[in-house]
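Chain by chain, the residues:
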Amino acid sequence: MKKLFTHNGSQGEFALACEHEWPTLMDEKSGEWKQCGKRFRQRHKLAKHKSMQIEGKLFECKQCGKTFNHRSSLTVHQRIHTGEKPYECKQCGKTFSQQSHHVKHQRIHTGEKPYDCKQCGKTFSQRSSLAIHQRIHTGEKPYECKQCGKTFSQRSHHGKHQRIHTGEKPYECKQCGKTFSQRSSLAIHQRNHTGEKPYECKQCGKTFSQRSHHVKHQRIHTGEKPYECQHCGKTFSESFHLVVHQRIHTGEKPYECQHCGKTFTQNSSFLQHKRIHTGEKPHECKQCGKTFIHSSSLSQHKRIHTGEKPYECKQCGKTFSQSSKLAVHQRIHTGEKPYECKLCGKTFSYSASLAIHHRTHTGKKPHECTQCGKTFSERSHLVVHQRIHTGEKPYECNYCGKTFIKSSSLIQHKRIHTGERPYGCKQCIKTFSQRSHLVKHQKVHTGDNSYTCKQCLKTFSQRSELAVHQRIHTGEKLYK
């Protein structure tokens, strides 16, 4: 060991030099061992330094065989086996195995952030955090996946990514046994069991189990839509919605049904479609046991039990259980008839009405009575007809108890009790309880005699009058 002195004979700032020849410091040209030459202010630090790798000897852990250059490093390592944590935080009681970890932890309480980014001014409590942050500016991603070539700025991100290839899921839920590739995913999952929702909206009080869900929810209040489509300028509150929307422009439909080849832009639509082939109906009503393919169908069905009708017409106040029914109803007020018959040009408010009308042209009557074989163009007509066979009369008059096959017949009957005569003649102000009676009456004014006797050619304005007249020729006497 050499002692170095200044011009006044006192020891310099780094006065003690190490002369040990290190095997790792060979001169490449001469092949001779170099002296270490490292300098120290204090003698005991030099002694500690010289204890490293003397004659190739290392400090070995007796429990696991791991070796270290410094005795102090071995001492810290052995605390893994003993569980010793001698450094305690005075403020929260947390303990640490290393003094450096204790020092870093205390900055949580003090708020100290001594490491400053020279480019943006952001400060950090740990040097390693600053080093990672600086990669944002430099674009450096030193950790590369050997399997797919993807690079990462942080070792931890690289480690998490590799589990995609290995399938490793080291974090297991103790309650249900489900495993996860990331610790954070396990922590979020465990809130399903505990019911914990630590993220609360300050505006409406709604709580969330995940921070990301809380952030998305807040955009409802702020109206923020940070994701913009570069094609049409439309904005979205969630990045996923933008991704799905962009497929409108690209025409991409990445989800294909293996049964029928149909493709879809959204995975959710694809999953729902597959249930057509499998017959799966996973959404069950707890009240009546009815099952549905779509959760939205179940939500609509539940309103039958609750009587909820959340969709209200702004013009007349009528409410509906489904938004689609409200949209159809509003055509009464607007007069909109978007469904047009290609054969005759007649328009309709409802697609079902157009489909029924088409049968006028085709003559198609798809609804057949199984008892007598009579066919009908509309299902509702078949239902009414079948009551002739069953004798069912579901519509009862609340005045006299008389029952009817059709609701329209009940409405007409009730006018006997109420005296209502809604059909008025424009020419003589005479009123009628039924439209058919008005039509017959109007023939008095028009002189329309459309019913002719085949034997004497006498004409009549009503079919009933012709029937009475024909008895003159037949000699029939109904009343004895």
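If you're wondering where the values come from, they're calculated on a predicted model, not measured in any experiment.

Caption draft 1: Quick peek at the overall build of the chain. Helix and strand counts for the chain stand at 16 helices and 35 strands. Expressed as a percentage of contacts within the chain between residues at least 6 apart in sequence, the contacts between residues at least 24 apart total 4%.

Caption draft 2: Layout of helix H15 (residues 435-446). The terminal C-alpha atoms of H15 lie 17 Å apart, and with 12 residues this matches the ideal 16 Å at 1.5 Å per residue to within 8%. Residues of H15 that are buried sit in contact with strand E32 (423-424), strand E33 (431-432) and strand E34 (451-452). Of the residues trailing H15, Gly447 is marked for its positive phi of about 75°.

Caption draft 3: Up close: the packing of aromatic side chains. Tallied over the full model, the rule gives 2 aromatic pairs. For the ring pair Tyr255 and Phe270, a centre distance of 6.3 Å and an interplane angle of 20° mean the geometry is stacked. Taken together, the residues span a long stretch of sequence, with Tyr255 in strand E20 (residues 255-256) and Phe270 in helix H9 (residues 267-278) at a distance of 15 residues. With a relative accessible area of 11%, Phe270 lands in the buried category. For the pair Phe264 and Phe270, a centre-to-centre distance of 6.1 Å together with 40° between the ring planes defines the contact as tilted. Linked through ring pairs, Tyr255, Phe264 and Phe270 together constitute an aromatic cluster.

Caption draft 4: Structural detail: the environment of Lys309. Position of Lys309 among the secondary structure elements: in the loop between helix H10 (295-306) and strand E24 (311-312). Using a relative accessible area of 48% as the deciding quantity, one classes Lys309 as partly exposed. Each C-alpha atom of the pair Lys309 and Ser321 lies 4.1 Å from the other, and the pair is 12 residues apart in sequence. If we skip the residues at most four places from it in the chain, Lys309 touches Thr319, Phe320 and Ser321.

Caption draft 5: Representation of the side chain of His105 in the model. Looking at the secondary structure, you find His105 in helix H3 (residues 99-110). Owing to a relative accessible area of 10%, His105 belongs among the buried residues under this scheme. Residues in contact with His105, not counting those within four places in the same chain, are Cys89, Cys92, Lys94 and Phe96.

Caption draft 6: Here's a closer look at the pattern of salt bridges. Inspection of the entire model under this criterion finds 13 salt bridges. For Arg107, the salt bridge is made with Glu112, and the minimal N-O distance between the two is 3.9 Å. Residue classification places Arg107 among the buried residues on the basis of a relative accessible area of 14%. Under the relative-accessibility criterion, Glu112 is labelled partly exposed at 42%. For the salt bridge of Arg331 with Glu336, the shortest nitrogen-to-oxygen distance reads 4.0 Å. A residue is classified by how much of its surface remains accessible, and Glu336, at 41% relative accessible area, is partly exposed.

Caption draft 7: Highlighting unusual backbone geometry. Located in the positive-phi region is Ile429, a residue other than glycine, with phi close to 60°. In this structure, Ile429 sits in the loop between E32 and E33. In this structure, Leu457 takes a positive phi of about 65° despite not being glycine. Along the polypeptide, Leu457 turns up in the loop between E34 and strand E35 (459-460).

Caption draft 8: Quick peek at the confidence of the model for the chain. Averaged over every residue, the pLDDT of the chain is 85; the share at 70 or more is 88%. Within the model, pLDDT remains below 50 along residues 1-14, and this stretch shows 26 contacts once partners closer than five positions in the same chain are excluded. Counted against residues more than four places away or in other chains, residues 20-34, with its pLDDT under 50, gives 24 contacts.

Caption draft 9: Structural view of the environment of Ser269. On the secondary structure map, Ser269 appears in helix H9. Judged by relative accessible area, Ser269 falls into the partly exposed class, the value being 29%. Each C-alpha atom, one on Ser269 and one on Tyr255, is 8.9 Å from the other, the two residues being 14 residues apart in sequence.

Caption draft 10: Fine view of the environment of Cys89. Relative to the helices and strands, Cys89 is located in the loop between strand E8 (87-88) and strand E9 (95-96). Among the residues examined, Cys89 registers a relative accessible area of 2% and is labelled buried. Separated by 17 residues in the primary sequence, Cys89 and Gln106 place their C-alpha atoms 7.1 Å from one another. For Cys89, the residues in contact, after removing those within four places along its chain, are Lys94, His102, His105 and His109.

Caption draft 11: How the structure looks around helix H4 (residues 127-138). In a regular helix each residue adds 1.5 Å, so 12 residues correspond to 16 Å; H4 covers 17 Å between its end C-alpha atoms and thus fits that length. The set of residues buried in H4 consists of Leu130, His133 and Arg135. Along its buried surface, H4 packs onto strand E10 (115-116), strand E11 (123-124) and strand E12 (143-144). With its phi angle positive at about 75°, Gly139 sits one or two positions after the end of H4.

Caption draft 12: The state of the cysteines, seen in detail. Inspection of every chain in the model, using the stated rule, returns 0 disulfides. The cysteine Cys201 is free of any disulfide, with Cys204 supplying the nearest cysteine sulfur at 3.7 Å. For Cys201, a relative accessible area of 1% translates into the label buried. This cysteine, Cys232, is not joined by any disulfide, and Cys229 carries the nearest cysteine sulfur, 3.8 Å off.

Reading the values: the criteria
- Residues numbered from 1 in each chain as written.
- Predicted model: local features only at pLDDT ≥ 70, side-chain atom pairs only at ≥ 80, totals over all residues.
- Heavy atoms only, no water.
- Helix = DSSP H or I, 4+ residues; strand = E, 2+ residues; numbered from the N terminus.
- Contact = heavy atoms within 4.5 Å.
- Expected span 1.5 Å × (residues − 1).
- Phe/Tyr/Trp six-rings, centres within 6.5 Å; stacked < 30°, edge-to-face > 60°.
- Buried < 20%, exposed > 50% of the residue type's maximum accessible area, 1.4 Å probe, protein only.
- Salt bridge = Lys/Arg side-chain N within 4 Å of Asp/Glu carboxyl O.
- pLDDT = per-residue confidence, 0-100.
- Disulfide = S-S within 2.5 Å.

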